[in-house]
Amino acid sequence: MHPKTPNRLFRFTLAVLLALSISGCFDGTTATSSVTGVIYCSEGNPTSFNPQLDTSGTTSDASSHQIYDRLLNFDPQSGKIVPALASSWLISQDGLTYTFQLRRGVKFHNTDYFTPTRTFNADDVIFSIDRWRLDSHPYHYVSGGNYPYFTSIGLIDLISNVKRINGYRVEITLARPDSSFLANLATDFAVILSAEYAQKLILSNQQERIDNYPIGTGPFRFKEYKKDHYIRYSKHEDYWQHKNAPNKLIFDITTTSSLRLAKLMTGECDAIAFPAHSELDTIRERPDLTLDGRPGLNVGFWAFNTSKYPFDNPKVRRALAMAIDKNTLLEAVYYGSAVSAKSLLPESSWAYQSDVSETNYNPVMARKLLRESGIDEGFTMNIWAMPVERAYNPNARKMAELMQNYLNQVGIQVNIVSYEWTTFREKLKEGQHDSVLIGWSADNGDPDNFYRPLLTCSAIESGTNRAMWCSEEYDSLINQALRYSEIAQRIEYYKLANKLIAEQLPLVPLAHAYRYRAHRRELNGLVINPFGAIRFGDVEKQ
């Protein structure tokens, strides 16, 4: 049951925003309303238009499935790996060599800043993979030289060679067998860029334009980006897969959730990102709106910076975990649209372990453990709270405030810290935090996609290991699991990893949340992609 007072307050606020939206008071973001096509109200600015460079969902949404294609794709309904730019593939018996047959006749975007002279071929695959895996590549250090997803999952070290067999066949050799390799090639980050465009930019010494004025083979061509306002795309008329994409696509950048909903209700937006959980009932009550929801492959968690005193002590981490009532946090923040997390993996994963050990709410024991660890009354720590809404944690600030009260009851003073999202992530990567409320949405259905980027040693450098926790024993378990293709054998290694996480508690799993998206009734074909970014190529507007 939702509290009545906050709900009334929300409806009043929404009414005010709705009136302001109708009166056109939001200059800049409403300029898009008169155009044809699809308008998506997104929650923030992308850091670039190349998802190879970022793990942010905002960047992936704006680029991965609008501008680019990958060798392989996930079917969003079945989760199976399906052909994309690679029409077929063969795996050698020893599991080390993958040979991809490439699709012919696939055209790159023709824009006012680039005119391709050839179609997609093996050179584009080699360029796109070698850019992030080889530090000797002429584009490796362009735009910063940081490829967090590939670094965090160890793919850079896994691939030992990428070879052209002929113009439409590529052979990739691995250093060791890895049963998650194909799944990783199907993620949002493994996009294929144009080698011909890259060569042209080298000649004019404008290499960084490849990430900000993108060229891909996807259903939309990039047109214009105005920070804090909008991104404009136009239809790729020669798209290889189908001709169904809308003529125009606009991302109307609207950072406030209630304003996004107001724009949806007035028809200024056809779809919106991340409706707040407090808004879901309002959307359900509207006959002109559709609310889609499905269990997400995600986890929200509270990570401790294990590289700092006293959070380097597992006993302190356990005490802090026991000081909070996880169930109350879920009720207050998720409004019944999430389940309590026992481990990193949601129940839909084939490696989910129902009997994993959990910490329970026990403030008396928490206080005892803290004093035994030398933590005196009045000890002060910080909790960093994300400034953005995410499915895995729709309101980190509110959660931090609740936790502040819980921790105060065991003698811990808490300062809540937040920054603008890009700054927040940069400072987090530098390890300036004591603890952070954040989470992870998986990019594929393989459990390695949770265990490796969140807690392996290599993921500290890439910035996805928010606990800054490095355990040789844990890394060994995760690596050994990938040497086997049989699920039963892999599960045994993941059970051992769960046991180690439960003992060491570098983070406290909090919730696995439903993913929601709202759109107007006249929009068809917008499917929630459980494996990553939003896709508009198949969307139709009646």
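In case you missed it, the structure is sitting above this.
Summary of the structure given here. All values derive from a computational prediction rather than experimental measurement. (Residues numbered from 1 in each chain as written. Predicted model: local features only at pLDDT ≥ 70, side-chain atom pairs only at ≥ 80, totals over all residues. Heavy atoms only, no water.)

1. Structural notes on the sheet that holds strand β4 (residues 86-91)
Here comes step 1: Strand order in the open sheet formed by four strands is β4-β5-β7-β6, and the pairing between neighbours is antiparallel. Both edges of this open sheet fall to β4 and β6 (159-166), since each of them pairs with a single strand only. Averaged over all pairs of adjacent strands, the angle between their axes in this sheet comes to 20 degrees, without regard to strand direction.
Here comes step 2: One ladder, built from five bridges, connects strand β5 (residues 97-102) with strand β7 (residues 169-174); its direction is antiparallel. Opposite Gln101, over in β7, you have Arg169 as the bridge partner.
Here comes step 3: In this fold helix α3 (residues 122-133) packs onto β5, β6 and β7, with an angle of close to 165 degrees to the strand it touches most, β6. (Pairing = 2+ DSSP bridges. Helix = DSSP H or I, 4+ residues; strand = E, 2+ residues; numbered from the N terminus. Axes fitted to C-alpha atoms, helices over the stretch in contact; angles between N-to-C directions. Contact = heavy atoms within 4.5 Å.)

2. Focus on the state of the cysteines
Here comes step 1: Counted according to the given criterion, the structure contains two disulfides.
Here comes step 2: Linked covalently through their sulfurs, Cys41 and Cys269 form a disulfide whose S-S length is 1.7 Å. Here the residue Cys41 occupies a position in strand β1 (residues 38-42), and Cys269 occupies one in the loop between α9 (257-266) and β11 (271-272), the gap between them amounting to 228 residues.
Here comes step 3: The buried category is assigned to Cys269, whose relative accessible area is 0%.
Here comes step 4: Here Cys457 pairs with Cys470 through a disulfide, and the sulfurs are 2.0 Å apart. On the sign convention where negative means left-handed, the S-S torsion of about 95 degrees between Cys457 and Cys470 marks this disulfide as right-handed. In this pair, Cys457 is assigned in the loop between α16 (448-455) and α17 (458-462) and Cys470 in the loop between α17 and α18 (472-481), connecting sequence segments 13 residues apart.
Here comes step 5: On the accessibility criterion, Cys470 (47% relative accessible area) is partly exposed.
Here comes step 6: By sequence order of its bonded cysteines, the chain has the disulfide arrangement 1-2, 3-4. (Disulfide = S-S within 2.5 Å. Buried < 20%, exposed > 50% of the residue type's maximum accessible area, 1.4 Å probe, protein only.)

3. With respect to the pairing of strand β10 (residues 248-253)
Here comes step 1: A large share of β10 lies buried, amounting to five of its six residues.
Here comes step 2: The pairing of β1 with β10 spans five bridges and is parallel. Bridging across to β10, Val38 finds its partner in Leu249.
Here comes step 3: Pairing of strand β9 (residues 230-235) with β10 involves five bridges; the strand directions are antiparallel. Residue pairing for β10: Arg232 is matched across the bridge by Ile250.

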